[in-house]
Amino acid sequence: MDDYSIVYRPSSIVVCSHTEVENRMSSKHARCWPILTRYDQDHLARIALPLGGIGTGTVSLGGRGNLHDWEIVNRPAKGFTPPNSFFALWTHPQDGATVTRALEGALHPHYEGSSGSTAANHGLPRFRSCSFAAAYPFGQVLLADPDVPLDVRIEAFNPLIPADADSSSIPVAILRFVLSNPSAQPIAAAVCGSVQNFIGMDGSSGAASRNVNRFRRAEGAVPLQGLALSSEGVDLDAEQFGTMALATTAREGVSYRTAWAQLSWGNTLLDFWDDFSDDGELEQRERGDADAPIASLAAKVIIPAYATEAITFLLSWHFPNRQSWTPGGKGVWLGMGACENGAPTIGNYYATRYSDAWDAAARTAAALPELEEQTLRFVEAFCASDLPEVVKEAALYNLSTLRTQTCFRTPDGRFWGWEGCHDQHGSCYGSCTHVWNYEQATAFLFGDLARSMREIEFAQATRDDGLMNFRVHLPLEHALGWGLAAADGQMGCIMKMYRDWQLAGDDQMLRELWPRVRAALEFCWVPGGWDADRDGVMEGCQHNTMDVEYYGPNPQMGFWYLGALRAGEEMARYLGEDDFAATCRDLFERGGRWSDQHLFNGDYYEHEIRPPGVGAAIAPGLRHHSMGASDLSDPDLQLGAGCLVDQLVGQYMAHVCGLGYLAEPGRIQRTLQSIMRYNFKPSLYGHFNHMRSFALNDESALLMATYPKGRRPTRPFPYFTEVMTGFEYSAAVHMLYEGQVDAGLRCIGAIRARYDGKRRSPFDEAECGHHYARAMASWAAVLALSGFHYSGVDRSMTFAAPEQRVQAFWSNGYAWGTCTRTPAPDGADVELTVLHGTLALRRLTITGVGVAEFETPRVIGAGERLAVRVLR
């Protein structure tokens, strides 16, 4: 093989089981969707796959094929399913009877209610057999029934293309109904979608008023026809004001209703069902006085013998009036930040890109083949990587959080996040730094969005003296209104700044933000601060992600601080500030040595509690008076001698950033072994937990903290008996980085076993709310197992040495592709493929093997690959 060459790669690998290939029955729909996980009929009840774009809200595809959790009106809405909103199938064989079914699997128990079943659309006949297959963002529902002459597959997704945030931020759910005729005679069939025009309501408040549905057509290369849903009575400035659309790309056989008949005793539904069941077509009805009329759209086809036809629907929305989470920067908060109607309107980025829901549907339909192809290219490449299935699932499925109401974008394009979502409002506002520190998905898949968070943190939320508000108020003129700093949040942001500068290779970004980055690090040294004596050890009042303050040296804050010092050293040296770099280095070395000597107990690192005595000893802005210890002479709510799952989180982040070890490697590795030994529970039957339960009974999990050495405080930090996946992932990924692969995979596998579709949704790892941001730490497992590291500053890329031929997926937030490494007698053969974006590479390192360097950077575009032998 030549030292290097660039060749064209026409297409990526199609990941598809033999069964799915055999089931694909026509050239009209020949592309096979990848499948990572299959769920049988006993594991469907909790499935809710979010369909929607980044910052747009979502509607979820249930395991039975039903649509529920309509969270598209600027806030969470768990359990909200608008009445009479469903899809149905009509079939008529040439020589047989008509059959009509809701396009859903059978309802799950329980069935009881004071007036019968309370399930949405409970009286509709459904398919008897159902299963679900997923490789996020693709969800497939397979339906079959002996009384229905067709086999049905529902395919649903929203475009997800790393490094292309706009194409991943479309307010639309794409639903394709693939109908297969296994018989020797043609079958007439129709699919009908019905949606209530609930504009004016968000699932918890508001009311519809004089809503209207109108039929529209859009001509073009991809024609679109369907129903545009709007309102003539809802206040244009209301948070619940907006538009919706239900459309199809079908060219022929389309019929519709702009409203259902208004009849008594359930006959409104009866009239619709009779009409559609008669001939698979719809006839208009008078809307009467309905403020929230039902829109129905049907597409009818003839399916030849042994053939397959696909009918595609698009459900889109446009609700521009997102409200601030902190009205006026202060005032009324509901559930830590969800605001009442009438709060300042901040808007939505997606609403600046589309004029209304119909515009979003029309433009998506026109671009749909390319959007689907690019999304497939990503998911196929990722699924084809040689990673354990549980790692792929954990990394890929938690990306769904980016598309839920946990996240949003303001009209300027900036990216924001709650910590998670309660059922009807956001959970813990302000892009909370100490929560968002853990996740790695945003930076490595959507670099521009991650950089906008760094700009907010340092340019907007950091004061001149270096205090960074760990929650950011909106509108941005109130960004400094929170007034409190978190030790872990602030140190983690410094490390993330280093990470994101390296990934982007953007010196201008570093130079613009560096003065505030430096100030944020120097803030550690203010009188009464975290490290007032400047010895490299945090001893002061340290508010942190456990929602309390620690007093005295502890590993959790200490390793964040050591990582921030290393990051500060590297950035300062690059900018020519050698004196500051030397200061950071000195503090780092002294702090690391002290922690090894004084906090390590032979098994793990402990917390040395040092009461501050009086509040006057604490610098302003460090103590959250309503959450931590009240008695500063003998503070409670401390970690103390506990073995904390999160004690090495700063080292986890340092490995992600490529900053090296922060303490003695042997002690780091021993600590991880102790975390596994003391905190991992194969079952929780005997476990006492006085707080929230995210794992129960026979489930396996890593506990937040245990006290194997005794000396447990009477009242430890509040969450010590809990289980939370974000903390589990960061510990497990760190195990992978240290070569403790079996232990790390056991932890990750235990998490995903709990989110199996039967117990919990595979697409909703909860902590303080659904879709919790911290769980996106799972993406780091991809980095750890592949050994991937990238520097846009040095234009260098690194992968782990192969023991056999191995393929990895890589992404730096701006480009992505695959890397295949094959052992060779004198080194390793490497094929680096770019599938999206452009990569400039000067140096390629295979750890433990060697380095390939190029005199001038090799520029590799999408569809190209670099083939090189890395010599020992």
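Residues numbered from 1 in each chain as written. Predicted model: local features only at pLDDT ≥ 70, side-chain atom pairs only at ≥ 80, totals over all residues. Heavy atoms only, no water.

Asker: Help me understand the packing of helix 14 (residues 665-679) against helix 15 (residues 725-737) in this model?
Answerer: A pair of packed helices can be characterised by two numbers: the angle between their axes and the separation between those axes. Direction vectors running N to C along helix 14 and helix 15 enclose 130 degrees, while the axes themselves pass 10 Å from each other. It follows from the interaxial angle that helix 14 and helix 15 lie oblique. Relative to helix 15, the crossing made by helix 14 is left-handed. For the pair formed by helix 14 and helix 15, the contact residues are Ile668, Leu672, Ile675 and Met676 on the first element and Ala731, His734 and Met735 on the second. Residues belonging to the contact of helix 14 with helix 15 are distributed by class as follows: six nonpolar, one polar and no charged. (Axes fitted to C-alpha atoms, helices over the stretch in contact; angles between N-to-C directions. Helix = DSSP H or I, 4+ residues; strand = E, 2+ residues; numbered from the N terminus. Parallel < 35°, antiparallel > 145°, perpendicular 65-115°, else oblique. Left-handed = near helix turned anticlockwise from the far one by under 90°. Contact = heavy atoms within 4.5 Å. Nonpolar A, V, L, I, M, F, W, Y, C, P; charged D, E, K, R; others polar.)

Asker: Can you walk me through the environment of Ser626 in this structure?
Answerer: Relative to the helices and strands, Ser626 resides in the loop between helix 12 (578-598) and strand 25 (643-644). In the structure, Ser626 is positioned 78 residues away from Val548 in sequence and 9.1 Å away in space, judged by C-alpha atoms.

Asker: Could you clarify how one ought to interpret the sheet that holds strand 4 (residues 58-62) in this entry?
Answerer: Either a parallel or an antiparallel arrangement is found when strands of a sheet pair, and the pairing is made through backbone hydrogen bonds. On the basis of which strands lie adjacent, the open sheet formed by three strands has the order 3-4-5 and antiparallel pairing. If you trace the sheet from one side to the other, it starts and ends with strand 3 (48-51) and strand 5 (67-71), each paired once. Taking the axes of each pair of neighbouring strands and ignoring which way they run, one obtains an average angle of 25 degrees across the sheet. Summarising the sheet, strand 3 and strand 4 pair through four bridges and their orientation is antiparallel. Residue Pro50 lies in a different strand from strand 4, and its bridge partner there is Ser60. (Pairing = 2+ DSSP bridges.)

Asker: How should I be thinking about the side chain of His734 in this particular structure?
Answerer: Within the element layout of this structure, His734 appears in helix 15. Residues within four places of His734 in sequence aside, it is in contact with Leu648, Gln651, Tyr652, His655, Ile668 and Leu672.

Asker: Sorry, what's going on with the sheet that holds strand 15 (residues 243-248) here?
Answerer: Strand order in the open sheet formed by nine strands is 2-8-9-10-11-18-15-14-13, with antiparallel pairing between adjacent strands. Two strands bound the open sheet, and with one partner strand each, they are strand 2 (37-39) and strand 13 (211-218). For this sheet, the mean inter-axis angle between neighbouring strands, taken without regard to orientation, is 15 degrees. When strand 8 (residues 129-135) meets strand 9 (residues 138-144), the two strands line up antiparallel, connected through seven bridges.

Asker: How do you make sense of empty space enclosed by the protein when you look at a structure like this?
Answerer: Evaluated as defined, the whole model comprises nine cavities of 30 Å³ or more. Considered as a void within the structure, the second largest cavity measures approximately 70 Å³ in volume. Elements supplying a minimum of two residues to the lining of the second largest cavity: strand 6 (86-93) and strand 11 (172-180). Taken together, the residues of the lining of the second largest cavity break down into eight nonpolar, two polar and one charged. (1 Å grid on protein atoms, 1.4 Å probe; cavity = no way out; pocket = protein on both sides within 12 Å on 5 of 7 lines; lining within 4 Å. Points joined across faces, edges and corners; volume = space filled by probe spheres on them.)

Asker: Before we go on, may I ask you to explain the side chain of Gln647 in this structure?
Answerer: Relative to the assigned elements, Gln647 resides in the loop between strand 25 and helix 13 (649-657). In this structure Gln647 comes out as buried when scored by relative accessible area, which is 0%. Reaching out from Gln647, the side chain makes a polar contact with the backbone nitrogen of Tyr605 at a distance of 2.9 Å. A polar contact is formed between the side chain of Gln647 and the backbone oxygen of Leu644, at a distance of 2.9 Å. Aside from chain neighbours lying at most four places away, what touches Gln647 is Pro555, Gln556, Phe559, Tyr604, Tyr605, Thr671 and Ile675. (Buried < 20%, exposed > 50% of the residue type's maximum accessible area, 1.4 Å probe, protein only. Polar contact = N/O pair within 3.5 Å; in protein donor to acceptor, adjacent residues only side chain to side chain.)

Asker: Honestly, the nonpolar core in this entry has me stumped. Any pointers?
Answerer: Of all hydrophobic cores here, the largest spans 268 residues; its most connected members are Leu396, Phe717 and Trp779. For this core, the leading source of residues is helix 4 (residues 357-383), giving 13 residues. (Core = buried A, V, L, I, M, F, W, Y, C linked by side-chain atoms within 4.5 Å.)

Asker: When you look at the pattern of salt bridges in this model, what are you seeing that I'm missing?
Answerer: Where side chains of opposite charge bring their charged atoms close, a pairing between them can arise. The full count for this structure, using the stated rule, is 58 salt bridges. For the salt bridge of Arg454 with Asp500, the shortest nitrogen-to-oxygen distance reads 2.7 Å. With Arg454 in helix 8 (residues 447-460) and Asp500 in helix 9 (residues 487-504), the pair connects residues that are 46 residues apart, well separated along the chain. Taken individually, Arg454 and Asp500 each receive the classification buried, so the pair is uniform in this respect. Linking Glu570 and Arg566 is a salt bridge whose minimum nitrogen-to-oxygen distance equals 2.9 Å. Within this pair, Glu570 and its partner Arg566 are both found in helix 11 (residues 555-574), separated by four residues, close to a single helical turn. For Arg566, a relative accessible area of 9% corresponds to the buried category. Three or more residues joined by partner-sharing salt bridges are found here, namely Arg566, Glu569, Glu570, Arg573, Arg585 and Glu589. (Salt bridge = Lys/Arg side-chain N within 4 Å of Asp/Glu carboxyl O.)

Asker: Looking at this structure, I do not really get helix 4. What am I missing?
Answerer: Because an α-helix packs 3.6 residues into every turn, residues spaced three or four apart end up facing the same way. Its 27 residues place the ends of helix 4 only 33 Å apart at the C-alpha level, less than the 39 Å of an ideal helix rising 1.5 Å per residue. Approximately 65 degrees is the largest bend angle found in helix 4, and it occurs at Ala367, with the proline Pro369 only one to four residues beyond. Counting buried positions along helix 4 gives 20 out of 27 residues, so the element sits mostly inside the fold. For helix 4, the capping residue at the N-terminal end is Asp356, with a side-chain oxygen 3.2 Å from the backbone nitrogen of Trp358. (Expected span 1.5 Å × (residues − 1). Bend = angle between axes of the 7 residues up to and from the residue.)

Asker: Would you mind going over the environment of Ala247 with me for this structure?
Answerer: Along the chain, Ala247 falls in strand 15. C-alpha separation for the pair Ala247 and Ala228, spaced 19 residues apart in sequence, amounts to 8.1 Å. If sequence neighbours within four positions are ignored, Ala247 has contacts with Leu224, Gln225, Gly226, Leu297, Thr312, Phe313, Leu314 and Trp358.

Asker: Looking at this structure, I do not really get the confidence of the model for the protein. What am I missing?
Answerer: Parts of the model with low pLDDT should not have their predicted coordinates read in detail. For the protein, the mean per-residue pLDDT works out to 94, and 95% of the residues sit at or above 70. Low pLDDT, under 50, characterises residues 1-28; the stretch is placed with 65 contacts to residues that sit more than four places away or in other chains. (pLDDT = per-residue confidence, 0-100.)

Asker: Got a minute to help me understand the pairing of strand 18 (residues 308-318) in this structure?
Answerer: Two faces, one strand: in a regular strand the side chains alternate between the faces of the sheet. With 10 of 11 residues buried, strand 18 lies mostly within the body of the structure. With nine bridges joining them, strand 11 and strand 18 adopt antiparallel strand pairing. From the neighbouring strand, Ala173 faces strand 18, where its bridge partner is Leu315. Where strand 15 meets strand 18, six bridges bridge the pair, whose relative direction is antiparallel. Across the sheet, the residue bridging to Met244 is Trp317, located in strand 18.

Asker: How do you make sense of the layout of surface pockets when you look at a structure like this?
Answerer: Unoccupied space between atoms shows up once a probe the size of one water molecule is rolled over them. Taken as a whole, the largest pocket spans an internal volume of roughly 1,100 Å³. Residue lining of the largest pocket: 39 residues in total, with Ala45, Arg46, Asn66, His68 and Asp69 positioned closest to the centre. Split into classes, the residues belonging to the lining of the largest pocket amount to 13 nonpolar, 16 polar and 10 charged.

Asker: I would appreciate a short explanation of unusual backbone geometry in the present structure.
Answerer: Residues other than glycine predominantly adopt negative phi, and peptide bonds predominantly adopt the trans conformation. Put simply, Pro109 and His110 share a cis peptide bond, and its omega is 15 degrees. If you trace the backbone, His110 turns up in the loop between strand 7 (99-102) and strand 8. Look at the link from Tyr136 to Pro137: it is a cis peptide, with omega at 10 degrees. Positionally, Pro137 belongs in the loop between strand 8 and strand 9. Backbone geometry at Asn121 places phi at a positive 55 degrees, although glycine is not the residue there. Here Asn121 lies in the loop between strand 7 and strand 8. You can call Asn121 buried: its relative accessible area is 16%. The phi dihedral of Ser431 is positive, around 50 degrees, even though this residue is not glycine.

Asker: Even after reading the chapter, I still don't get the packing of aromatic side chains, so can you show me in this structure?
Answerer: One pair of aromatic rings is described through two measures. These are the centre distance and the angle between the planes. What the rule picks out here adds up to 43 aromatic pairs. Aromatic side chains Trp525 and Phe580 sit 6.1 Å apart centroid to centroid with 50 degrees between the ring planes, which places their arrangement in the tilted category. Of the two residues, Trp525 is situated in the loop between helix 10 (507-522) and strand 23 (541-543) and Phe580 in helix 12; the sequence distance between them amounts to 55 residues. Since its relative accessible area comes to 11%, Trp525 is described here as buried. Note on Phe580: relative accessible area 6%, which makes it buried. One aromatic cluster is present, built from ring pairs that chain together Trp325, Phe408, Trp416, Trp418, Tyr429, Phe470 and Trp482. (Phe/Tyr/Trp six-rings, centres within 6.5 Å; stacked < 30°, edge-to-face > 60°.)

Asker: Where do I start with the pairing of strand 11 in this structure?
Answerer: Within strand 11, nine of the nine residues are buried, which leaves the element mostly enclosed by the surrounding structure. Side chains Val172, Ile174, Arg176, Val178 and Ser180 of strand 11 all project onto a buried face; the interleaved residues Ala173, Leu175, Phe177 and Leu179 project onto the opposite face, where all are buried too. Judged from the seven bridges that link them, strand 10 (residues 151-157) and strand 11 form a sheet pairing that is antiparallel. Paired with Arg153 across the bridge in strand 11 is Val178.

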